[in-house]
Amino acid sequence: MAKLHRLFAASLVALIASVAAWPATAQDAVANFYKGRSVQLLIGVSPGGGYDIYGRTLARHMGKHIPGNPTLVPQNMPGAGTLKVANYIYNVAPKDGSVFATFARGIPMEKLLGRTVGVQFDATKFTWVGSITDEPSVCVFMVRSGIATWRDMQTKQWKVGGSGVATDLDIYANVLRNMFHLPGRLVSGFPGGQEVLLAMQRGEVDGRCSWSWSSLLSRDKFLLDQKLVSIPVQLGVERSSEIPANVPLVVDLTDNPKEKAALKLIFSRQLMARPFAAPPGIPAERAKALRDAFDATMKDPAYLSEMMRLQLEVRPVPGARLEQMVKEVYAYPPDVVKIASDAIKNAR
Amino acid sequence: MPDQLAMAFHALQLLLQWPRIAILVLGVLIGLAIGCMPGLGGVVALAVLIPFTYNLDAPSSFALLLGVASVTTISDLIPAVLFGVPGTVGAAATVIDGHRMAEKGEAGRAFGAGFVAAAVGGIFGAVMLALMIPILQPIMLAIGSPELLAFSIFGLSMVATLSGRAPLKGLTAAGLGLMISMIGSGTQTGTLRWTFNWLYLFDGIPLIPVTLGLFALPELADLAINRRRIASETVANVNLANQWQGVRDVGKNWWLVIRSSALGTFLGMVPGIGSAVIDWIVYGYAVRTEKRPETFGHGDVRGVIAPESSNNAKEGGHLVPTIAFGVPAGASMTLLLGAFLLHGLTPGPDMLGKNLDVTYSIIWSLTLAHVLGAAICLLFARQLAKFAEMRHEILLPMVMPIVFVATFQATRSWGDLYFLLGFGIVGWIMKKLGWPRPPMVLGFVIGPIFERYLFLSTEIYGNAWMARPVVIGIALIIAWVLYRPLSQTARTLAHEFRHLDRAHIRLSPGALFTLFGMAVATAALITSASWPIEEQIVPRTACWAALIAGAFNLVTEVFGADKPAPAPGGHAAPMPMGPELPVKVTLQRAAEFFLWLGGLVALASLIGFVPAIGVFVFVYMGIGFREPAWRAGIFGVAMTIFCYALFDRGLSVPWPQSVLGDIIPALRDVTGLL
């Protein structure tokens, strides 16, 4: 036992000595702070899949645009549909600019739209860094289902696939059905969007609302080329120049100003399709450094060529714009919020 | 067809070119090493390696990734046979007969049979994939939700066979497993089921803590309790001659190998059904279909051959939906899809047309990796067996932290560790009391798949889903699988209930444990009464099943005649462990073991994960096992460095914040570990 004690004592002394030997890092200049540091980029999903790839490619390039050139280390912290990571950076992570994260685009709206269990943050207070794209999204139906236009969606019976209440597939389908009293059904419970697509090809369901336009183009363009699918409506708050002009935009389909506002509230998340945010209250000069570095990365030819190779969209939205958007959304009058939160509910 | 052949050979040539073949070998070596470590499997290896494939071309990338992913289920046999601890979730079934063989001094034979069966299975899966290429799309389009539902019911029906001669216990365990799998947000209305507002439970309990808890910790606990070397004679017995005997066993049982591989391939195509249950389903299938099933569970080589061949064949099956439709059939395939995207490859028609060469290179990588993996294992089995010579005083302090951190990295939450410990204790009690554990895993893994496709099938097809030809075919197979065990069960139960001794009431440990299970099921029933009806159906049915089977079991425990029934294939047969220890010593040592593990969790929250591992190894060896301080120190430092390198540098695990780091933030800043 005596030997053990000596060993413990010796290790303790060594530990204290090594800590004392490190110089204090609290210096004002941003570069000094970041120099030689690892910055954690937390990814709220498991490896593989869209949010993970967007996060990892950003981590590979953004470090060199931050003063002091820190190393960006992507780390996966999956859980509760990315709610875990959002809670973590809001409440637990150090508020010094050494951590930021990416989570699902719908997460900031959760609280507003009535989900309270497990949401431990105020979305307007995050330090928004930016979004890599503002993806327009669409409803897609198999041609053989006979649903080709918005008129068809209003008048014919149809079934779309979903993958759980908190996903865009379910939320968007429910909003359309509830707000416009459409005669369609939502069959939910598929593991994910790819499985819904497979079910469409099998004829188990007629289509899906939604599908991001860019992944439709990059992964399943043959469906368009072979004219196997039609696109009755586009989902978003602004008309996309890439989607054929005869496809109506969802927010233009109502004349009721309150409903229009509620639709804007819900679909505005498409503007922040791949959002990145840091904890609230980090020092202003470091927040600025992160935002500037994000914007610079979005123009970095090396980054862009890699994204091109991966067939991933880059249509950046700056952090300030995200911040403004989230604040706008949270400032909507209660009756509009009520319409929106009623619309996302699944009415069988 | 000639075009396809030419393409296939072109792909082989590509793969054999330098440096691709070297990359494949490297992948195989990494995969073999990871497969040996309990709790780490192909998913982990892929997550580490995918970033390294940025700068490789597509065939090289898949050579590396498939090299790693496909051989973890070969080398996982090694700890399964030597220590009874499955190396990956897929080797749990192999433990039953494989470890028993080692105890009988037949480790070499188990290795020979297992490695070769694994290679044959892997090649079978690859060949099936190659043959199916022209018809991949039609096949996938023919398998709809009803067919997937039928497959999952087929898997669940194996509970009957895997319960062996303890059908009531098996059914109770399966019901409880299914019930536990329903924890989390429901797929239909998003109702939070049994989550107690704990964020961790929103996604349900992950697979790794459950399987490691049920299968690895009980074995480690028994190692700590019995305090003896695994089997000193095993080492002497691993040589080429007795490995060759195992190889010949594979030849003799070729028809079993083919059937197991085919079943493994087809089950692998069903999204969600992975190696954690395929090995059990095929084990149950072997027990059900083979002649002389009574030797299963007592060191029968067929009990190694069947799960090993199926588990390696499944990789080919997994790739079918992945390549044809970009639908991942398992966690490893989700990662592989990520790699597809990194290389600008789109799963779907392109992989069967424009990029057919890549598809073929994937198939060849799969084949070569299995051959290489098995060959390397066979050659080095003798050296690897030396690990069995390690004393438990050294082995336990080394293996426990690996199991511990491997579990944590699964979802990176404290909850993983609580459930690892919880399921470890439950698993150990089940083992001691002769409760079959596989039914619990089957219920746990298949439960959510069953619920999902039950709803999809009825929503989409109404009752017509039952009239589909494939569904009817599978239903007939299920009836055939169930017929014998059910009639047997009915007979034994009738016999038991006729011979109840109502005068004697015995409140045995078995009865208490049954009451515990019933109490959990009752509490679950009470707390789920207010859920929407569609979220109630499957979980509450599972609760009732557990409760009713448990009640019947309670009757036999309290009033039944004394007879600890061994369960062939049920993994429930008490292992003959030399001279039996007194119950008091066993319980005391078990409590010590689980307290040490609990202490490790507490220590990690106090001083951070990586430092806790070093301190734990040092203290456990030094105080727990009274090893000299210098040795404990060396191992403590070595394990710390190893875990730091693997989990921090390699896997970039975000470490949870510790109390020490909160008190001295500078330390956290500097190390990034606290």
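Residues numbered from 1 in each chain as written. Chains lettered and ligands numbered in written order. Predicted model: local features only at pLDDT ≥ 70, side-chain atom pairs only at ≥ 80, totals over all residues.

1. Considering the overall build of chain A
What chain A contains, in helices and strands, is 13 helices and 12 strands. Projected onto its principal axes, the C-alpha coordinates of chain A cover approximately 80 × 45 × 45 Å. (Helix = DSSP H or I, 4+ residues; strand = E, 2+ residues; numbered from the N terminus.)

2. Points about the pairing of strand β2 (residues 71-76) of chain A
Residues and elements named next belong to chain A. Pairing between strand β1 (residues 38-43) and β2: 6 bridges, direction parallel. Counted as the bridge partner of I43 is N76 from β2. In the classification by handedness, the crossover that spans β1, the intervening helix α3 (residues 50-62) and the parallel β2 is right-handed. (Pairing = 2+ DSSP bridges. Right-handed = clockwise from strand over helix to strand, strands pointing away.)

3. Quick notes on the confidence of the model for chain A
Taken over all residues, the pLDDT of chain A has a mean of 88, while the share at 70 or more is 91%. Per-residue pLDDT stays below 50 along residues 17-27 of chain A; that stretch engages in 7 contacts with residues further than four places along the chain or on separate chains. (pLDDT = per-residue confidence, 0-100. Contact = placed C-beta atoms within 7 Å.)

4. Focus: the domain arrangement of chain A
The figure often quoted for interface size is the accessible area lost as the parts come together. Residue and element names in this part refer to chain A. In terms of domain boundaries, chain A breaks down into domain 1 (31-134 + 273-315) and domain 2 (137-269). Here the C-alpha centre of domain 2 lies 28 Å away from the C-alpha centre of domain 1. If you look at the interface, domain 1 gives 7 residues, while domain 2 gives 6 residues. Classifying every residue of the side of domain 1 that touches domain 2 gives 1 nonpolar, 4 polar and 2 charged. (Domains from an automatic or database assignment. Nonpolar A, V, L, I, M, F, W, Y, C, P; charged D, E, K, R; others polar.)

5. Describing the interface of chain B and chain A
Opposite the 50 residues of chain B that make contact, chain A presents 49 residues. Put simply, the parts of the chain that give the side of chain B that touches chain A at least two residues each are α8 (136-142), α17 (331-342), α21 (438-461), α27 (629-650) and α29 (665-671) of chain B. Here the side of chain B that touches chain A takes 6 residues from α17 of chain B, the largest share from any one element. For the side of chain B that touches chain A, the class distribution of residues is 25 nonpolar, 20 polar and 5 charged.

6. Some details on the domain arrangement of chain B
Residues and elements named next belong to chain B. Assigned domains within chain B: domain 1 (2-559) and domain 2 (583-671). The C-alpha-based centres of domain 1 and domain 2 are spaced at 29 Å. For the side of domain 1 that touches domain 2, the elements supplying multiple residues, two or more each, are α3 (42-49), α11 (207-226), α19 (392-411) and α20 (414-433). For the side of domain 1 that touches domain 2, the class distribution of residues is 18 nonpolar, 2 polar and 2 charged.

7. Looking at the sheet that holds strand β4 (residues 127-131) of chain A
Residues and elements named next belong to chain A. Read from one edge to the other, the open sheet built from 6 strands follows the order β2-β1-β3-β11-β4-β12, with strand pairing classed as mixed. Of all the strands in the sheet, the pair left with one neighbour each is β2 and β12 (317-318). Summarising the sheet, β4 and β12 pair through 2 bridges and their orientation is antiparallel. Residue pairing in the sheet places G130 in a bridge with P318 of β12. Relative to strand β3 (residues 99-102), helix α4 (residues 83-91) is tilted by about 155°, and along the sheet it contacts β1, β3 and β11 (275-278). Contacts between helix α12 (residues 319-330) and the sheet are confined to β4, β11 and β12, with β4 contributing the most and set at about 115° to the helix. (Axes fitted to C-alpha atoms, helices over the stretch in contact; angles between N-to-C directions.)

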